[in-house]
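Architecture and fold: a report
Listed below are the residues making up each chain.
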Amino acid sequence: MKIYNRRISRSIGISTAALLSIIFYIAIVIVLNLSQNMIDPTGESYSEIYGIAQLILVSLYWILINYFYFSRPGKTGFGTILIYLLFMLLPIIAFSIATLVLINLYPTSDFVMSWNLMTWIVSPTLFWYLPYSYIYFVFGYSISISIFIGICLVFNIFVISLGIILGLIRRSYVQEKAAALRSNQPRFDVNIDGVTDAELVTNIADADSITNEINLSEDDIPTTIREMDETDIINQEIDKVKDQATYAFDTEELPKK
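**Remarks on the side chain of S21**
With respect to the secondary-structure elements, S21 resides in helix α1 (residues 14-39). When sequence neighbours within four positions are dropped, the list of residues in contact with S21 reads Y61, W62, I65, Y69, Y84 and M88.

Right under this line is the structure:
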């Protein structure tokens, strides 16, 4: 079976669930970034309240959307969960690792190369972690960007896993409750009395007597209802044609001399 055919729920597949989670998260980050630009257009100050609100919002998002996925009836085995996490976290994990490698192990002074790396790798990674800016603020800007990315990635995996666990707990509770209701339903026992050999013989005798009463002789059956042989039917049709031909010949007027 192909991995994208496995189901998280009855209506949502693995790849669809992971893709929707990422799309919704990107939309939330865009809205938060635009809101922050409206609150502080210059970017000279940092609002702690807004930073806490962002962190709480994205945390609740990851918990609730995974709770929704995994609390629904469907196929949610360990393999399905592992593949789902792989689909959803593989992009950001790859971008995070690439960013850490570029920052620490691949410094370059070439402007074009630096710009391309910043545009295609570092910027998408930092964009993903924008709502986690309060974590960086808590440490007093004393940690490196590499440590910040690592902390955000671990926290991201934690809240996603928490949502999955809560969803599975809810799903298990609903299934157990439904099973308990089914077991408590009253059962109706239907007793069917067996037929003894004597009764069976009596019933057969009665059936024979009824059959004997309805006994038609062959003379009582109309000829049109009786089964006829195919040869007889063909012969009858041939005789009809001959009779019609003879009648036509006898009635034909002979020419006068």
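**Section: the packing of helix α2 (residues 48-71) against helix α3 (residues 78-105)**
Two elements in contact, α2 and α3, have axes whose closest approach is 13 Å; the angle formed by their N-to-C orientations is 140 degrees. Accordingly, the angle class assigned to the pair α2 and α3 is oblique. When the axes of α2 and α3 are compared, the crossing they make is right-handed. Taken together, the residues of α3 that come into contact with α2 (itself represented by W62, N66, Y69 and F70) are I81, Y84 and M88.

**A word on the environment of V58**
Position of V58 relative to the elements: it lies in helix α2. Residue class for V58 comes out buried when judged on its relative accessible area of 0%. Remark: the alpha-carbon pair of V58 and Y25, spanning 33 residues in sequence, is separated by 7.8 Å. If we ignore the near neighbours within four places in the chain, the residues touching V58 are Y25, I28, L32, P131 and Y132.

**Topic: the nonpolar core**
Counting 36 residues, the largest nonpolar core has Y25, W62, Y69, Y84, Y129, Y132 and F148 as the members making the most contacts within it. Contributing elements (two or more residues each) for this core: α1, α2, α3 and α6 (145-184). No other element matches the nine residues that α2 contributes to this core. If we skip the residues at most four places from it in the chain, Y25 touches V58, Y61, W62, W128, P131 and Y132.

Conventions adopted
- Residues numbered from 1 in each chain as written.
- Predicted model: local features only at pLDDT ≥ 70, side-chain atom pairs only at ≥ 80, totals over all residues.
- Heavy atoms only, no water.
- Helix = DSSP H or I, 4+ residues; strand = E, 2+ residues; numbered from the N terminus.
- Contact = heavy atoms within 4.5 Å.
- Axes fitted to C-alpha atoms, helices over the stretch in contact; angles between N-to-C directions.
- Parallel < 35°, antiparallel > 145°, perpendicular 65-115°, else oblique.
- Left-handed = near helix turned anticlockwise from the far one by under 90°.
- Buried < 20%, exposed > 50% of the residue type's maximum accessible area, 1.4 Å probe, protein only.
- Core = buried A, V, L, I, M, F, W, Y, C linked by side-chain atoms within 4.5 Å.

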